[in-house]
Amino acid sequence: MLDKLQEVEAKYSQIEARLAATETYADPNLVARLNREQAELQPIIETYRALGRAREDARQAQELMSDPEMKDLAQEEFRQARLEQERLEQELQLLLLPRDPDDHRNVVVEIRAGVGGEEAALFAHSLYRMYSMYAERQGWRTDVASLNETELGGVKEISFTIEGVDVFSRLKFESGVHRVQRVPETESGGRVHTSTVTVAVLPQREMADVKLNPADVEMQVFRSSGAGGQHVNKTSSAVRLIHKPTGMVVECQQERSQFQNRDKAMQILASRLYEQEQERVDSAFSAQRRSQIGSGMRNERIRTYNFPQGRLTDHRIGLTLYQLDNVMDGDLHVVINALVTADQAERLKANNS
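Conventions and cut-offs
- Residues numbered from 1 in each chain as written.
- Predicted model: local features only at pLDDT ≥ 70, side-chain atom pairs only at ≥ 80, totals over all residues.
- Heavy atoms only, no water.
- Salt bridge = Lys/Arg side-chain N within 4 Å of Asp/Glu carboxyl O.
- Helix = DSSP H or I, 4+ residues; strand = E, 2+ residues; numbered from the N terminus.
- 1 Å grid on protein atoms, 1.4 Å probe; cavity = no way out; pocket = protein on both sides within 12 Å on 5 of 7 lines; lining within 4 Å.
- Points joined across faces, edges and corners; volume = space filled by probe spheres on them.
- Nonpolar A, V, L, I, M, F, W, Y, C, P; charged D, E, K, R; others polar.
- Phe/Tyr/Trp six-rings, centres within 6.5 Å; stacked < 30°, edge-to-face > 60°.
- Buried < 20%, exposed > 50% of the residue type's maximum accessible area, 1.4 Å probe, protein only.
- Expected span 1.5 Å × (residues − 1).

## Details of the pattern of salt bridges
Side-chain pairing between opposite charges can occur once the charged atoms of the two side chains come close. Using the criterion set out here, one finds 28 salt bridges in the structure. With its nearest N and O atoms 3.8 Å apart, the salt bridge here joins glutamate 9 to arginine 49. With glutamate 9 in helix α1 (residues 2–20) and arginine 49 in helix α2 (residues 28–64), this residue pair connects regions lying 40 residues apart in the sequence. Two residues, arginine 205 and aspartate 102, come together in a salt bridge whose shortest N-O distance is 2.8 Å. Note that arginine 205 is positioned in the loop between β5 (193–203) and β6 (217–222) and aspartate 102 in the loop between α3 (71–95) and β1 (107–113), a separation of 103 residues in sequence. Salt bridges here are not isolated pairs; linked through shared partners, they connect Glu110, Arg112, Glu157 and Arg272.

## Overview of the layout of surface pockets
One way to see where empty space is left: roll a probe the size of a water molecule over the atoms. The space that makes up the largest pocket amounts to roughly 1200 Å³. Around the largest pocket, the lining comprises 39 residues; the ones closest to its centre are Leu95, Leu97, Pro98, Arg99 and Asp100. Where the lining of the largest pocket is concerned, the elements lending two or more residues are α1, α2, α3, α5 (167–171), α7 (283–291) and α9 (333–352). Class assignment of the residues belonging to the lining of the largest pocket gives a composition of 15 nonpolar, eight polar and 16 charged.

## Re the environment of methionine 266
Tracing the chain through its elements places methionine 266 in helix α6 (residues 258–281). In this structure the C-alpha to C-alpha distance between methionine 266 and cysteine 252, which are 14 residues apart in sequence, comes to 9.3 Å.

## As for the packing of aromatic side chains
What the rule picks out here adds up to four aromatic pairs. Between the aromatic rings of phenylalanine 123 and tyrosine 305, the centroid separation amounts to 5.1 Å while the plane-to-plane angle is 65°, which identifies the pairing as edge-to-face. Of this pair, phenylalanine 123 sits in helix α4 (residues 117–138) while tyrosine 305 sits in strand β9 (residues 301–306); the two residues are 182 residues apart in sequence, bridging distant segments of the chain. The two residues phenylalanine 123 and tyrosine 305 agree in class, both being buried. In textbook terms, an aromatic cluster arises when at least three aromatic residues are bridged by ring pairs, as seen for Phe123, Tyr305 and Phe307.

## A word on α4
The first and last C-alpha atoms of α4 sit 32 Å apart over 22 residues, in line with the 32 Å expected at 1.5 Å per residue. At the exit of α4 stands glycine 139, carrying a positive phi of roughly 80°.

Below, the structure written as structure tokens:
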């Protein structure tokens, strides 16, 4: 680990030197890249330097233990320094784990009602609300691209982006089937129904990341519409893109401008195509997904929300919480932190084996 830390510190020093050079700022893209690399390495460097201070504190305390008058105090300081040293060493082991190259990316989230009719659509809306409130707590920006609502306020499907710092690193474990057990608002008999909603979380891609022939994309325009949808207007500003080789369809109708809708739809299409291509050409990609706290595959049941008991269960890590109301109001920290910790433990185990 020491060799790796010395390499990281040398790289960090090089980045600092380049950012201090005036000629660097002639290239804004280079500056952005260096700032991003510096931000990624900074937690490691800060922890490494804190470890050095803890080791020095332990050394000084050990020297003082030879003084009879200082022995008791020095022993306590030595014990505290050693505990801090162990904590920092464990933290560094986690920080040095290979980072998912997509962790820093924004995301495209797609939620679709599954089994359960109107109740599934109502729960899809609840999940959208949950993720939106969580994003707000994180200081992230949520932007709806397309929305297909039901007359009762449910959501057949919704596609939206979330932009902020390291969004994918926090939300990548949300892909899969979410199951809800509750008495539907439309059910007068008081019976508990089980419904499902599918969530897909894709790292947001730019067109430059994907080989896309413009001739392969058919664009259709139509008027924004929908039960209660925003920006419903009389002009054909909504955009539907059809990728002819795959049959993939992306719609965007929430922006007022046709050009804005087209750009957003192209970005979502690029994200979908990139994900599809990765799964096709790299069999290890799917294996990697399966190794991450369950597969995250869209047909796998990952979580159950039991409203009569106020219980949330994440089946991948055996997590059970009786804080369902808080979670549905966007307090996802405890769930996501548990998933991230479990993922780190698995990767640490694999790294040390």
